[in-house]
Amino acid sequence: MAGNGRTVRDLRRANRTVVLQRLYFDGPLSRFELGPATGLSSGSVSNVVADLIADGLVEEAGSVDSDGGRPRTLLRVAPTSGHMIGVDVGETRVRVELFDLALTELARTERPLEQQRYEVEVIVDHIRSGIDEVLAAADLAPERLLGVGIGVPGIVERTADRGAVVHGQTIGWDAVPLESLLRDGSPLPESVPYFIDNGARTLGQAEMWFGAGRGAGDALVVLFGSGVGACLVTPEVRHGRAVEWGHLTVRVRGRRCRCGALGCLEAYAGAESLLARWREEGGRVPEDTDEETALTTMLAAAYPADGAAPDPVALAVLEETAEYLGAGLSDLINLFQPERILMGGWAGLQLGSRFLPAVRRHALSYALRHPAERVTIELGRLGPDAVTVGAAILPLADFFDRGGRRPDPDPAVPAPAWRTALRDRVPR
């Protein structure tokens, strides 16, 4: 037994974890560089590296000259030593992507959602068939997966008997036991876990690990799609926490939100409400057009590329939406005083740099002066795949937390904790 109640096995796992993480985020590195990077002794580094190489998790990646001595061998995490699937249960489609350990995309598929219909059976079938398709496309055996991460709309509750349960009021999901539904008849063996979380949180995961949030001490990552949501990451909440920001009341007795309440931010600032208000003011978009196409049409009207006069109604609705978003961000600034705010989501990416200056201007004008002076507001950098990348990070983070060892569950033990655990590590 080691100090502080930790066993030798715990210490070995922790040492493996820290070496894997530093090689993953900062590699390739030599054994000599790993010492100060991890805080481990040279002997511990050598033992851990030998162990990881024997397990096929670490491989040599060339060499670098040293000062007057022999060249130092560089090491990196072996990309093919693990695979993850990320799933985005989005507002217009279900997207499924297969990644290797370096988060290089190996295969993808998409299942469109007709008129944003979220029938549980349909979503479950889309996820199952999507998993089958990407595994077949990459010729990968299911048991080689570290896990499947899934980003969903709504609040995710982890239960002992049914795994992850989704409370998605805006999509009509009332305590849907998504994990147990997926596990029932799953194409995956029991050894492959599902990790299910809020889509805004998986977006935040991706941006904090690999995008515009990397290096920030605290940040808010905003998902602007059909609705709006946010993920808060602070030193106290390093793994990120989904914030139901879209259902903050911005107008008493205002427009009815799709959650059923009156005056929610989402009733004014989501793409669905933005397009509805444009139609109410005479905007011409066919009713059977999907939201992404409709928003493209609105943007073309507001910002014509051929030098024609812009549509004043489209511009006015966009400006009003920017003000509501900015006012909503000011609440987040006042409450959490973040270092950065990052805007992602398909609508945020479509509106992009044309829209962001107005959002930023309104946010800073409504916020308290001191927290407003220290925050930066910018677009996320990972594009439309950010949610699937963040979802794939869920099993990757769990894999790192276990020191790069795959789970070996006892089939007699129901609902093992590792299936839904998230022990995150945000890179330095």
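Read on for an overview of the structure. This one's a predicted model, so the numbers in the text were calculated from it and none came from an experiment.

### Thoughts on the overall build of the protein chain
A count of helices and strands for the protein chain gives 13 helices and 16 strands. In terms of overall dimensions, the protein chain is globule-like: its C-alpha atoms have a radius of gyration of 23 Å, near the 22 Å expected for 428 residues. If you line up the protein chain on its principal axes, its C-alpha atoms span 70 × 55 × 45 Å. Taken across its 428 residues, the protein chain has 53% of its residues classed as buried. By sequence separation, contacts in the protein chain at least 24 residues apart represent 61% of the contacts at least 6 residues apart. Surface exposure of the protein chain reaches about 18,900 Å², of which carbon and sulfur atoms provide 49%.

### Side note on the environment of Glu97
Examined against the element boundaries, Glu97 turns out to sit in strand β5 (residues 93-100). In this structure, the C-alpha to C-alpha distance between Glu97 and Thr388, residues 291 residues apart in sequence, is 6.8 Å. Those residues in contact with Glu97 that sit more than four places away from it in its chain are Met84, Ile85, Gly86, Glu105, Ala107, Arg108, Asp385 and Thr388.

### Some points on the nonpolar core
By size, the foremost hydrophobic cluster in this structure holds 48 residues, and its most contacted members are Trp245, Leu329 and Phe355. Elements represented by at least two residues in this core include exactly β12 (219-224), β13 (228-233), α7 (266-269), α8 (271-280), α9 (291-302), α10 (312-336), β15 (340-344) and α11 (346-366). Examining the composition of this core, we find that nine residues originate from one element, α10, more than from any other. Among all residues touching Phe355, those that are not within four sequence positions of it are Phe224, Leu318, Thr321, Ala322, Leu325 and Met343. With 33 residues, the next largest nonpolar core counts Leu98, Leu135, Val148 and Ala164 among its residues.

Reading guide: rules and limits
Residues numbered from 1 in each chain as written. Predicted model: local features only at pLDDT ≥ 70, side-chain atom pairs only at ≥ 80, totals over all residues. Heavy atoms only, no water. Helix = DSSP H or I, 4+ residues; strand = E, 2+ residues; numbered from the N terminus. Rg over C-alpha atoms; globule rule 2.2 N^0.38 Å. Buried < 20%, exposed > 50% of the residue type's maximum accessible area, 1.4 Å probe, protein only. Contact = heavy atoms within 4.5 Å. Areas by Shrake-Rupley, 256 points an atom, 1.4 Å probe, with all protein chains shown as cover. Core = buried A, V, L, I, M, F, W, Y, C linked by side-chain atoms within 4.5 Å.

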